[in-house]
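What follows is each chain in one-letter form.
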Amino acid sequence: MKFGAHVSIAGGIENAPLRAKQLGCECFQMFTRSPRGGKPPELEDRLLEAFFLNCSEVSISDYYVHTPYFINLASGKEDLREKSVDLVREELERSSTLGVKYMMTHIGSAKGLQREVAIHNVVDSLLRILGNYGGTTQLLLENTAGQGHTIGASFEEISLILRRVAYGDLGVCIDTAHMFASGYDIRTREGVEELVESIGAAFAPETVKLVHANDSKAEFNSSKDRHEHIGEGKIGIDCFSAMIGNPFFEDLDMIVEMPPPEVAKDVALLKELRDGGI
């Protein structure tokens, strides 16, 4: 189990591992382009060489990519869905070039659609994204807080999508703040144990590949996505201590999604919990 944070690629992707090291990260997450979309920076040989060299110099071998926020694989607007499919596939290819282990994406929103139609759109989108994909980066679906009409607030809904897509290399990234906001009470050790049972009931445990470790400013079951520093939100530190001590999570890296440089304290706190300092 390693701990890290989402870091900026300002000035070039090659700067991400250096920023991660400054924050005390053992792994990190990044965008490969603006989270608002637009034309991505070219992955030129010079950039790739600098990125890999910097990763080696800071001794970080595991890093992850998040897709831009506007992705909507469920959308009833065909142009947006097409753009989302093309961008996720392009990001997978770019991530493979960068040696990224996992790339996670939000699934999208069913706004204006019957739920079953939206799920059909998601499955069709994922089949098109993964068709003939030969890269090395694995695509992960991230659970949501359930705000509005978003897809994937429950493990059962994500499981339904996974079964229909039936790609063995499609995985899941779980976000603690999203789980809490969508009705999974993980504030106690018992709650974390129930969470593990819920995951096991929905899909094979090895389907979960990564954890976004975020406390929540929003109340339990509020369906609001509001991240907070670990131990300072409505979830509390006991959740993260219990997760770190639970065998289910022992091989899963944890990424904190709070702004730098303050996120360094979250990474340090998780390390302290792992190493028995608290």
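Residues numbered from 1 in each chain as written. Predicted model: local features only at pLDDT ≥ 70, side-chain atom pairs only at ≥ 80, totals over all residues. Heavy atoms only, no water.

Observations regarding the pattern of salt bridges
Within this structure, the stated rule accounts for 16 salt bridges. Among the salt bridges present, the one from glutamate 44 reaches arginine 46, with a minimum N-O distance of 3.7 Å. Put simply, lysine 265 and glutamate 232 hold a salt bridge, and the shortest N to O gap is 3.0 Å. With lysine 265 in helix H9 (residues 263–274) and glutamate 232 in the loop between strand S9 (227–228) and helix H8 (237–245), the pair connects residues that are 33 residues apart, well separated along the chain. For lysine 265, a relative accessible area of 43% gives the class partly exposed. Taking the relative accessible area as the measure of exposure, glutamate 232 reaches 46% and is therefore partly exposed. Here the salt bridges do not stand alone but share partners, grouping Arg33, Glu90, Glu91 and Arg94 into one network. (Salt bridge = Lys/Arg side-chain N within 4 Å of Asp/Glu carboxyl O. Helix = DSSP H or I, 4+ residues; strand = E, 2+ residues; numbered from the N terminus. Buried < 20%, exposed > 50% of the residue type's maximum accessible area, 1.4 Å probe, protein only.)

Side note on the sheet that holds strand S7 (residues 208–212)
Strand order in this closed barrel of eight strands is S1-S2-S3-S4-S5-S6-S7-S10, and the pairing throughout is parallel. Averaged over all pairs of adjacent strands, the angle between their axes in this sheet comes to 30°, without regard to strand direction. Two strands pair when backbone bridges link them, and strand S4 (residues 102–105) and strand S5 (residues 138–142) are joined in this way by four bridges, in the parallel orientation. Bridging from a neighbouring strand, tyrosine 102 pairs with glutamine 138 of S5. (Pairing = 2+ DSSP bridges. Axes fitted to C-alpha atoms, helices over the stretch in contact; angles between N-to-C directions.)

Some details on the nonpolar core
Here is a general trend for soluble globular proteins: nonpolar side chains tend to be buried in one another's company. In terms of nonpolar packing, the biggest core is built from 82 residues, with Phe28, Leu126, Ile161 and Phe249 touching the most fellow members. Among the elements that take part in this core, helix H4 (residues 115–130) stands out by supplying seven residues, more than any other. Excluding its chain neighbours within four sequence positions, the residues that come into contact with leucine 126 are Leu73, Leu139, Leu141, Ile161, Val165 and Leu170. Judged by nonpolar contacts, the second largest core, of eight residues, contains Tyr64, Met104, Leu140 and Leu210. (Core = buried A, V, L, I, M, F, W, Y, C linked by side-chain atoms within 4.5 Å. Contact = heavy atoms within 4.5 Å.)

Considering helix H3 (residues 78–97)
The terminal C-alpha atoms of H3, which comprises 20 residues, lie 29 Å apart, in line with the 28 Å expected from a rise of 1.5 Å per residue. For H3, the full list of buried residues reads Arg81, Ser84, Val85, Leu87, Val88, Arg89, Glu91, Leu92, Arg94, Ser95 and Ser96. The inward-facing, buried residues of H3 contact strand S3 (63–66), S4, H4 and S5. In the segment just after H3, glycine 99 is the residue with positive phi, at about 75°. (Expected span 1.5 Å × (residues − 1).)

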